[in-house]
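# Observations on the three-dimensional arrangement
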Amino acid sequence: MDKNDSIFVEAESSRLGNLLLPGNLTKKIKISPQIEINAPLEDRIKRILKYYGDIDKNAFSENLNKIKKYISNESYNEIFSSFEKGDLEKVAKILLVDYYDKVYKKKESDCFILNTDIETTLKKLKEIKEKFVKIF
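Now for a quick tour of the structure. (Residues numbered from 1 in each chain as written. Predicted model: local features only at pLDDT ≥ 70, side-chain atom pairs only at ≥ 80, totals over all residues. Heavy atoms only, no water.)

Here we come to the overall build of the protein. Helix and strand content of the protein: six helices and four strands. Seen in sequence order, the protein has helices and strands lined up from the N terminus as β-β-α-β-α-α-α-α-β-α. A compact globule built from 136 residues would reach a C-alpha radius of gyration of about 14 Å, whereas the protein, at 18 Å, exceeds it by more than 25%. Structurally, the protein occupies a C-alpha span of about 55 × 35 × 25 Å along its principal axes. In the protein, buried positions account for 20% of the 136 residues. (Helix = DSSP H or I, 4+ residues; strand = E, 2+ residues; numbered from the N terminus. Rg over C-alpha atoms; globule rule 2.2 N^0.38 Å. Buried < 20%, exposed > 50% of the residue type's maximum accessible area, 1.4 Å probe, protein only.)

Here you go:
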């Protein structure tokens, strides 16, 4: 990769599992423009179900217990009950709204893109890149 190229990275902490990003890379990510790309909730639910809809009960329980401290007891019980009933759309919705969106929304973004189709999103990313490359 050319060090002068612009790249897009997903917002993450400096630790990815057992890996630690180099400090200079983490610093550059933090000072760079932040672009929030989001999709309508129904699209996000469909995507979650496509990739995780066949998760077995043991794996689901294990993973749900890992995030239990970040959600209310009411949400936890509703998630588990909905999973038991096979209502995976409800499970995905609660996890997205009550956990994921709250935990991962750390700071205000410099730009926002509503992702309803990939071509429009890519076009907007290109426009944003051209705008910010002139600044940095």
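The largest bend along helix α5 (residues 88–104) reaches roughly 40° and is located at Leu-96. Elements that come into contact with the buried residues of α5 comprise α2 (41–52), α3 (57–67) and α4 (73–85). (Bend = angle between axes of the 7 residues up to and from the residue. Contact = heavy atoms within 4.5 Å.)

In this section: the pattern of salt bridges. Here the structure, examined in full by the defined rule, presents three salt bridges. For Arg-44, the salt bridge goes to Asp-101, with nearest N and O atoms at 2.6 Å. Placement of Arg-44 in helix α2 and of Asp-101 in helix α5 is noted, with a sequence separation of 57 residues between them. With a shortest N-O distance of 2.9 Å, Glu-84 and Lys-57 are connected by a salt bridge. With Glu-84 in helix α4 and Lys-57 in helix α3, the pair connects residues that are 27 residues apart, well separated along the chain. (Salt bridge = Lys/Arg side-chain N within 4 Å of Asp/Glu carboxyl O.)

Taking every second residue as pointing to the same face, the buried face of strand β4 (residues 111–114) carries Cys-111 and Ile-113, while none of Phe-112 and Leu-114 on the other face is buried. Of the pairings in the sheet, the one linking strand β3 (residues 35–38) to β4 comprises four bridges and is parallel in character. Across the sheet, Ile-35 pairs through a bridge with Cys-111, a residue of β4. (Pairing = 2+ DSSP bridges.)

Counting ten residues, the largest nonpolar core consists of Phe-60, Leu-64, Ile-67, Ile-71, Tyr-76, Ile-79, Phe-83, Val-91, Ile-94 and Tyr-99. Look past the residues within four positions of Val-91 in its chain and what remains in contact with it is Phe-60, Ile-79, Ser-82 and Phe-83. Among the nonpolar cores identified, the runner-up in size contains five residues, and Cys-111, Ile-113, Ile-128 and Phe-132 belong to it. (Core = buried A, V, L, I, M, F, W, Y, C linked by side-chain atoms within 4.5 Å.)

Because an α-helix completes one turn every 3.6 residues, residues spaced three or four positions apart along the sequence face the same direction. Taking 1.5 Å per residue, 13 residues should reach 18 Å; α4 reaches 18 Å between its end C-alpha atoms and fits that length. Within α4, burial applies to Ser-75, Tyr-76, Ile-79, Ser-82 and Phe-83. Buried positions in α4, seen along its axis, are confined to an arc of 135° and lie on one side of it. Opposite the buried face of α4, at more than 90 degrees from it, the exposed residues are Asn-73, Glu-74 and Lys-85. As for α4, its buried residues are in contact with α3 and α5. Looking one or two residues past α4, Gly-86 carries a phi angle of roughly 85°, positive in sign. (Expected span 1.5 Å × (residues − 1). Arc of directions from axis to C-beta.)

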